[in-house]
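Residue-level listing of the chains:
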Amino acid sequence: LEVEPQSYIWQLGVGERQRVEILKLIYRGAEILILDEPTAVLTPQESRDLNRVIHQMTTEGKSAIFITHKMEEVIAFSDWVRVLHKGRLVAVKKTKETDPGELVRLMVGRDVLFCLEQKERNPGDVVLELNDVQAIDDKGLPALKGVSFKIRSGEILGIAGVAGNGQKQLAEVLTGLRKTTGGRIKINGEVKTNKTPFDMICSGVSHIPADRNVRGVVGDMSVADNLAMKGYRKAPLTKKGILHPKRILELARRMIDAYRIDTPTPHTHAKFLSGGNVQKIILAREIDACRGLLIAAYPSRGLDVGATEYVRNQMIEQSESGKAVLLISEDLEELMTVADNIAVLYEGRIMGILNCNEADTEKLGMMMAGIE
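Everything numeric in this text was worked out from a predicted model, so none of it was measured.

Asker: Summarise the layout of surface pockets; cite the residues concerned and give the values.
Answerer: The space that makes up the largest pocket amounts to roughly 1700 Å³. Looking at the largest pocket, it is lined by 46 residues, and the ones nearest its centre are Ile67, Thr68, Leu84, Met107 and Asp304. When residues of the lining of the largest pocket are traced back to their parent elements, those giving at least two are α1 (14-27), α2 (44-59), β2 (63-67), α3 (71-77), β3 (80-85), α4 (100-108), α10 (275-289) and α11 (305-320). Considering every element that reaches the lining of the largest pocket, the biggest residue donor is β3, with 6 residues. Tallied by class, the residues present in the lining of the largest pocket amount to 20 nonpolar, 15 polar and 11 charged. What the second largest pocket holds in volume is close to 1200 Å³. In terms of lining, the second largest pocket is formed by 49 residues, of which the most central are Glu16, Ala163, Gly164, Asn165 and Gly166. Going through the elements one at a time, α1, α2, β6 (142-152), α5 (167-174) and α7 (212-216) are the ones with two or more residues in the lining of the second largest pocket. Here the residues of the lining of the second largest pocket sort into 18 nonpolar, 13 polar and 18 charged.

Asker: Could you give me a rundown of the packing of aromatic side chains, with the residues and numbers involved?
Answerer: Applying the stated rule across the entire model yields 1 aromatic pair. Their ring planes at 25° and their centres at 4.4 Å tell us that phenylalanine 66 and phenylalanine 77 sit as a pair that is stacked. Of this pair, phenylalanine 66 sits in strand β2 while phenylalanine 77 is found in helix α3, placing the two residues 11 residues apart along the sequence. Take phenylalanine 66 and phenylalanine 77: they sit in the same class, and that class is buried. The ring of tyrosine 310 has lysine 280 lying over it, and the distance from NZ or CZ to the ring centre is 5.0 Å.

Asker: Could you give an account of the sheet that holds β6, naming the residues involved and the relevant values?
Answerer: Taken together, 4 strands build an open sheet; the order of strands is β6-β5-β8-β9 and the sheet is antiparallel. Strands with a single pairing partner mark the edges of an open sheet, and in this sheet they are β6 and β9 (190-191). Of the strand pairs in this sheet, strand β8 (residues 182-187) and β9 are connected by 2 bridges, and their pairing is antiparallel. The partner of lysine 186 across the bridge, within β9, is valine 191. Packing against the sheet, α5 makes contact with β5 (126-136), β6 and β8, and its axis sits at approximately 120° to β5.

Asker: Could you give me a rundown of the nonpolar core, with the residues and numbers involved?
Answerer: Within the largest apolar cluster, 49 residues are counted, with the highest numbers of intra-cluster contacts made by Leu227, Ile261, Ile281 and Met315. Beyond its immediate chain neighbours, meaning those up to four positions away, isoleucine 281 contacts Val217, Val223, Asn226, Leu227, Ile261, Ala270 and Leu273.

Asker: Before we move on, could you go through the packing of α10 against α11 and cite the residues and values that matter?
Answerer: Interhelical geometry of α10 versus α11 gives an angle of 10° and a closest axis separation of 11 Å. On the basis of their axis angle, the class for α10 and α11 is roughly parallel. In this structure, α10 contributes Gln279, Lys280, Leu283 and Ile287 to the contact, and α11 contributes Tyr310, Val311, Gln314, Met315 and Gln318. Classifying every residue of the contact of α10 with α11 gives 5 nonpolar, 3 polar and 1 charged.

Asker: Requested: an account of the state of the cysteines, with residues and values cited.
Answerer: Enumeration over the complete set of coordinates arrives at 0 disulfides. With no disulfide of its own, cysteine 202 lies closest to cysteine 290 among cysteine sulfurs, the gap being 14 Å. Residue classification places cysteine 202 among the exposed positions, given a relative accessible area of 55%.

Asker: Go over the side chain of serine 206, please, and point to the residues and values.
Answerer: One can find serine 206 in strand β10 (residues 205-208). Here serine 206 falls in the buried class, since its relative accessible area comes to 0%. Polar contacts involving the side chain of serine 206 include one to the main-chain carbonyl oxygen of glutamate 286, which spans 2.7 Å.

The rules behind each value
- Residues numbered from 1 in each chain as written.
- Predicted model: local features only at pLDDT ≥ 70, side-chain atom pairs only at ≥ 80, totals over all residues.
- Heavy atoms only, no water.
- 1 Å grid on protein atoms, 1.4 Å probe; cavity = no way out; pocket = protein on both sides within 12 Å on 5 of 7 lines; lining within 4 Å.
- Points joined across faces, edges and corners; volume = space filled by probe spheres on them.
- Helix = DSSP H or I, 4+ residues; strand = E, 2+ residues; numbered from the N terminus.
- Nonpolar A, V, L, I, M, F, W, Y, C, P; charged D, E, K, R; others polar.
- Phe/Tyr/Trp six-rings, centres within 6.5 Å; stacked < 30°, edge-to-face > 60°.
- Buried < 20%, exposed > 50% of the residue type's maximum accessible area, 1.4 Å probe, protein only.
- Lys NZ or Arg CZ within 6 Å of the ring centre and 35° of its normal.
- Pairing = 2+ DSSP bridges.
- Contact = heavy atoms within 4.5 Å.
- Axes fitted to C-alpha atoms, helices over the stretch in contact; angles between N-to-C directions.
- Core = buried A, V, L, I, M, F, W, Y, C linked by side-chain atoms within 4.5 Å.
- Parallel < 35°, antiparallel > 145°, perpendicular 65-115°, else oblique.
- Disulfide = S-S within 2.5 Å.
- Polar contact = N/O pair within 3.5 Å; in protein donor to acceptor, adjacent residues only side chain to side chain.

Given below as structure tokens:
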């Protein structure tokens, strides 16, 4: 599991921090290893390596608890599986006596579509175009090294790659949160290189960030106020700089109903909601504000299969409505299910762009590891 030992933790992305956690616990010789979604940030090959480490530990008399929403990993990693549904233990199964379909039904209480049906789409005009974009990371090292691609309206482009290969910086330069050091970014034919976040918002860009609790919501603000964050500057939520609390509440209730956000009231602080419902707040706000380009970084990371299905359907609905979607994910199954094309990012470079019909996990995994 590749980690730069000299880096400070604040300089690492969410996925890289998770790798540090795994390495730290294994190095310290834990007797019981509790792993919460450990493979969300790993290539298929690295996941198999982790599986071997866990099985080696169990042969030495140690134990592991593996928490995951990936059904194929439940089958591959475990001897026994316990299923939780709404905080209750609903089943205990020997892994070899069950299958993914049964586990999903127990988890969610209904069947979940692993293969989402998509309508045939005809991509339109180019919405986002990158030409030789370069950027540095927080350590002053090159993070993007000449990235070029295009996304058309009605198209989903997936970005695959192991955490720490430039995905974070790519999302930030496209949303005005990081300056480029070279290259050009065009949105709807207009040059938007190094514009401010507000300029990018005005250009119709919406952003679902990788770290939903740090950049996605303000935990100490209400659900209603978090939902109003993109629209508070203009009517009907404000008039001559004065906010209208009743209209904000009306907007919040409409979004809570439309996106099935499970919150006691619109006044509840966002920090008291589950990860899935926090993600729905971000989805509702960003989709409502989107005017052409949706940038989604790891939108289903850490969510259960029911919430994951919902998020994936939202990505597809946005593309079918004519939006361009950039979907950054390490979940190859998600990318192959949702995206039209997949670009693989390795050490800040595009290794190649594959049509989803010709992509498979082995090929993508090799490209994510830097092998052409």
